[in-house]
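Architecture at a glance
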Amino acid sequence: MLTVEQLKNELLLEVAAGQNNMSNIIKGVYIGDLLSWVMAHIKKEDVWITIQTNMNVIAVAALGEASCIIVAENAEIEEATLLKADEEGIPLLVSPLSAYEIAVKINKYLQI
Amino acid sequence: MKELALHILDIAQNSIRAEATLIEITIKEDITKDIFSIEIKDNGIGMDEETLKRVEDPFFTTRNTRKIGLGVSLLKTAALQCEGSFNILSKKRMGTILTVVFKHSHIDRAPLGSIEDTIVTLLMMEKEVDYIYNHHYNNNSFSFNTKEVKAILQGLPITDIKVIDWIKRHVADEIKDIVNS
């Protein structure tokens, strides 16, 4: 069982918000930036990789019960989004890598 | 683009290339009607019907440096994704008005973002051009006009770092005021 905490350590992710829920379990990965599309397709306990950083991202992750959000390519995150992530208990992590590179790395730790 | 302010910057740069001397940007947010609209109006050289027809085609651009110009089509796509609409009116030698409407509450509607940075970037690019920025939020509104600022400055360039800093703070504060009051 892979947790958000383990993934953070393996991929050297920076935790931007939602640090109280680092024990969430990870079952899969979803990549997408069009929020309405992500909402329709993300699965429970997916890691969601995106470059979107507005507040709606947290709503989508909460509805879709994502295990965490990874913001790719160090996209800048608005203050309101950080606060919302804390409020909703969604771990919000940041990486300098691209969505593809992050996904490839996660695959190593994820036995599907 | 992640912020509507970046779309606005891109469109206003077209106005500058069209030799506009006045660019007016108007944002209307109406929560009851669930509308977020942007209008960008310039007094530039305008477009003939032939050009106007092609302006939404991403493989059309007036630039010689590359043959793909995505600005207008990206904004149109963004609006249509949000159950909005898009329109351009233009007349040769008169100018151009671009209007784009988004459903305010649509999940894919990008936030306005840093419009003060857009205004300041435009000013730095072409300080001879004047800009009017209007922002309506329900019944509140705020207006900023570089002509008025220039009149007060009496010769000090509007691109002076202190003036630029003031403009940034002023615009950001005024928007906060109309949204929160």
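Since the structure is predicted, the reported quantities are computational estimates derived from the model, not experimental observations.

With that settled, consider the pairing of strand β4 (residues 28-31) of chain A. All names here are of chain A. Relative to strand β5 (residues 46-50), β4 runs parallel, the two sharing 4 bridges. Looking at β5, one finds that I31 is bridged to I49. Each parallel crossover has a hand, and the one from β4 via helix α2 (residues 35-41) to β5 is right-handed.

It is worth spelling out the sheet that holds strand β1 (residues 22-30) of chain B at this point. All names here are of chain B. As summarised here, the arrangement of the 6 strands in space is β3-β4-β2-β1-β5-β6, forming an open sheet in which the pairing is mixed. One side of each edge strand has no neighbouring strand; the edge strands of this open sheet are β3 (85-91) and β6 (140-145). Direction aside, the axes of adjacent strands within the sheet are offset by 10° on average. Two elements, strand β5 (residues 130-137) and β6, share 6 bridges in a ladder whose sense is antiparallel. Pairing of N134 across the sheet is with S143, part of β6. In the packing of helix α6 (residues 161-180) onto the sheet, the strands contacted are β5 and β6, and the crossing angle to β6 comes to about 165°.

The subject of this paragraph is the interface of chain B and chain A. In this assembly, 5 residues from chain B lie in contact with 7 residues from chain A. For the side of chain B that touches chain A, a count of residues per class yields 3 nonpolar, no polar and 2 charged.

This paragraph deals with the UniProt feature "domain: DRTGG" (unreviewed entry) in chain A. Under the UniProt annotation, "domain: DRTGG" (unreviewed entry) lies at residues 14-108 of chain A. With 37% helix and 23% strand, the stretch residues 14-108 of chain A has end C-alpha atoms that lie 19 Å from each other.

This part covers the sheet that holds β5 of chain A. Residues and elements named next belong to chain A. Reading across from one edge, β2-β7-β6-β5-β4 is the order of the 5 strands in this open sheet, with mixed pairing throughout. Of all the strands in the sheet, the pair left with one neighbour each is β2 (14-17) and β4. In this sheet, neighbouring strand axes are inclined to one another by 30° on average, regardless of whether the strands run parallel or antiparallel.

Attention shifts here to the packing of helix α3 (residues 56-63) of chain A against helix α4 (residues 79-88) of chain A. Residues and elements named next belong to chain A. It is the contact of α3 with α4, at a shortest axis distance of 8 Å, that shows an interaxial angle of 20°. When the axes of α3 and α4 are compared, the pair comes out roughly parallel. α4 is crossed by α3, and the crossing has right-handed handedness. For the pair α3 and α4, the contacting residues are V57, I58 and A62 in the first and T81, K84, A85 and E88 in the second. Broken down by class, the residue content of the contact of α3 with α4 amounts to 4 nonpolar, 1 polar and 2 charged.

Once that is clear, we can look at the environment of G32 of chain A. Residue and element names in this part refer to chain A. By secondary structure assignment, the location of G32 is in the loop between β4 and α2. What makes G32 partly exposed here is the crowd of 19 C-beta atoms within 10 Å. With 42 residues separating them in the primary sequence, G32 and N74 have C-alpha atoms 16 Å apart.

What follows concerns the pairing of strand β2 (residues 35-42) of chain B. Residue and element names in this part refer to chain B. Burial along β2 is one-sided: the face carrying F36, I38, I40 and D42 is buried and the face carrying I35, S37, E39 and K41 is not. Inspection of the sheet shows β1 paired to β2 by 8 bridges, in the antiparallel sense. Looking at the pairing, K28 lines up with S37 of β2. Counting the residues between successive antiparallel strands, the hairpin from β1 to β2 contains 4 residues, one of them, D34, with a positive phi of roughly 60°. Pairing between β2 and strand β4 (residues 95-103): 8 bridges, direction antiparallel. Considered in β4, the bridge of I35 is made with K103.

Rules behind the numbers
- Residues numbered from 1 in each chain as written.
- Chains lettered and ligands numbered in written order.
- Predicted model: local features only at pLDDT ≥ 70, side-chain atom pairs only at ≥ 80, totals over all residues.
- Pairing = 2+ DSSP bridges.
- Helix = DSSP H or I, 4+ residues; strand = E, 2+ residues; numbered from the N terminus.
- Right-handed = clockwise from strand over helix to strand, strands pointing away.
- Axes fitted to C-alpha atoms, helices over the stretch in contact; angles between N-to-C directions.
- Contact = placed C-beta atoms within 7 Å.
- Nonpolar A, V, L, I, M, F, W, Y, C, P; charged D, E, K, R; others polar.
- UniProt positions renumbered as here; feature names shortened; annotations may be inferred.
- Parallel < 35°, antiparallel > 145°, perpendicular 65-115°, else oblique.
- Left-handed = near helix turned anticlockwise from the far one by under 90°.
- Buried ≥ 20, exposed ≤ 12 C-beta atoms within 10 Å, placed from the backbone.

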